[in-house]
Amino acid sequence: MAAGTEQELPLPEGTLRLTVSAATDLGMVRKVNEDSLLVETGLYLVADGMGGHSFGDRASQSVVSTFAAAAAKGGPLTPEVVVQTIHSSNETVVAMTDDDEAVSGTTLAGLALVRSETAHHWMAFNVGDSRVYSWDGRRLEQVTVDHSAVQELVDRGQITAIEASEHPHRNVVTRAIGVGHIVDPDSWLLPIAGNQLFLVCSDGLTKELDDDQVATILADRFRLPGDLTIAERLVEAALASGGADNVTVVVVEAELIGAPHSEGEGASDRDIPHHLEETGPRK
């Protein structure tokens, strides 16, 4: 499945023009695509149903449906609404469990345009090892931090990032939606400014392509052949590298036009609710 859309949003900060492409593929090995995605105006999600668990595809679809229902209520999203919807998604997936042995689960990564107190921001969020990246034209930066066993080892300095990519426990996530009655998402508020590009993806992409390979494809996106979207190009590259898992990608290109002049750029600390300042972008 692939999609490409053009969106335009009038904001007090200026007009936000969006070009969004999305693609998902079964991969070369799996028999069921347990990934799901959502592309709504100002809301972009990837959910990766957990392999080896019952109804992983239903779990990811349930999360997408819950967020779609929240977006359908209209009005601007807020950070609080996004967080509450994550908790509601968790409750729904937990309720799918038939007995103590049947567990449904999914990771989640997303990007939402939110209104927080005095300004609009991008809100990135995740549970598990699906990711959100930002691209500034030169550098690819992982915004989210994986909730995984190998990431914990990396954070403690016990293994390197390169060793993590080959570690036998690289598929073990430490947080997921639906595996417990409490879910602990991470979130980041990012300024809206100038030209920006965000990539939301399942680990089917990042386990086949390293950051340098992804960055090269993004840098070459204006030279894509035919009608191929950047999301399709990334998925095809993952398949060409082996495609051992389902792979899902959403790419959001944003341009803020006609922004009123103000001193400094980006969001000030006073614009960000204190309860959302617990985590920050990866350095």
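Residues numbered from 1 in each chain as written. Predicted model: local features only at pLDDT ≥ 70, side-chain atom pairs only at ≥ 80, totals over all residues. Heavy atoms only, no water.

## Points about empty space enclosed by the protein
So, point 1. A full pass over the atoms with the stated rule returns one cavity of 30 Å³ or more.
So, point 2. Approximately 30 Å³ is the volume attributed to the largest cavity.
So, point 3. Among the residues forming the lining of the largest cavity, the class breakdown is seven nonpolar, one polar and no charged. (1 Å grid on protein atoms, 1.4 Å probe; cavity = no way out; pocket = protein on both sides within 12 Å on 5 of 7 lines; lining within 4 Å. Points joined across faces, edges and corners; volume = space filled by probe spheres on them. Nonpolar A, V, L, I, M, F, W, Y, C, P; charged D, E, K, R; others polar.)

## A word on the nonpolar core
So, point 1. Among the nonpolar cores identified, the biggest contains 25 residues, and Leu 16, Leu 18, Tyr 44, Leu 111, Trp 122, Val 250 and Val 252 are the most heavily contacted of them.
So, point 2. For this core, the secondary structure elements donating two or more residues are strand S1 (2-11), strand S2 (14-25), strand S4 (43-49), strand S5 (106-116), strand S6 (119-127), strand S9 (186-190), strand S10 (195-201) and strand S11 (247-257).
So, point 3. The contacts of Tyr 44, once residues within four sequence positions are left out, are Gln 7, Leu 18, Val 20, Leu 38, Val 39, Ala 109, Gly 110, Leu 111, Trp 122, Val 200, Val 250 and Val 252. (Core = buried A, V, L, I, M, F, W, Y, C linked by side-chain atoms within 4.5 Å. Buried < 20%, exposed > 50% of the residue type's maximum accessible area, 1.4 Å probe, protein only. Helix = DSSP H or I, 4+ residues; strand = E, 2+ residues; numbered from the N terminus. Contact = heavy atoms within 4.5 Å.)

## As for the environment of Leu 205
So, point 1. Within the secondary structure, Leu 205 is located in helix H5 (residues 203-206).
So, point 2. For Leu 205, a relative accessible area of 0% corresponds to the buried category.

## Focus: helix H2 (residues 79-95)
For the α-helix, the turn length of 3.6 residues means that residues three or four positions removed from each other point alike.
So, point 1. Its 17 residues place the ends of H2 25 Å apart at the C-alpha level, agreeing with the 24 Å of an ideal helix rising 1.5 Å per residue.
So, point 2. Contact partners of the buried residues in H2: helix H1 (56-72), S5, S6 and S9. (Expected span 1.5 Å × (residues − 1).)

## Some points on the pairing of S5
So, point 1. With 10 of 11 residues buried, S5 is to be regarded as a mostly interior element.
So, point 2. As judged from the seven bridges shared by S4 and S5, these two strands associate in the antiparallel manner. Bridge pairing in S5 places Leu 43 opposite Ala 112.
So, point 3. Pairing geometry for S5 and S6, over nine bridges, is antiparallel. Each residue of the ladder has a partner; that of Ala 112, found in S6, is Met 123. (Pairing = 2+ DSSP bridges.)

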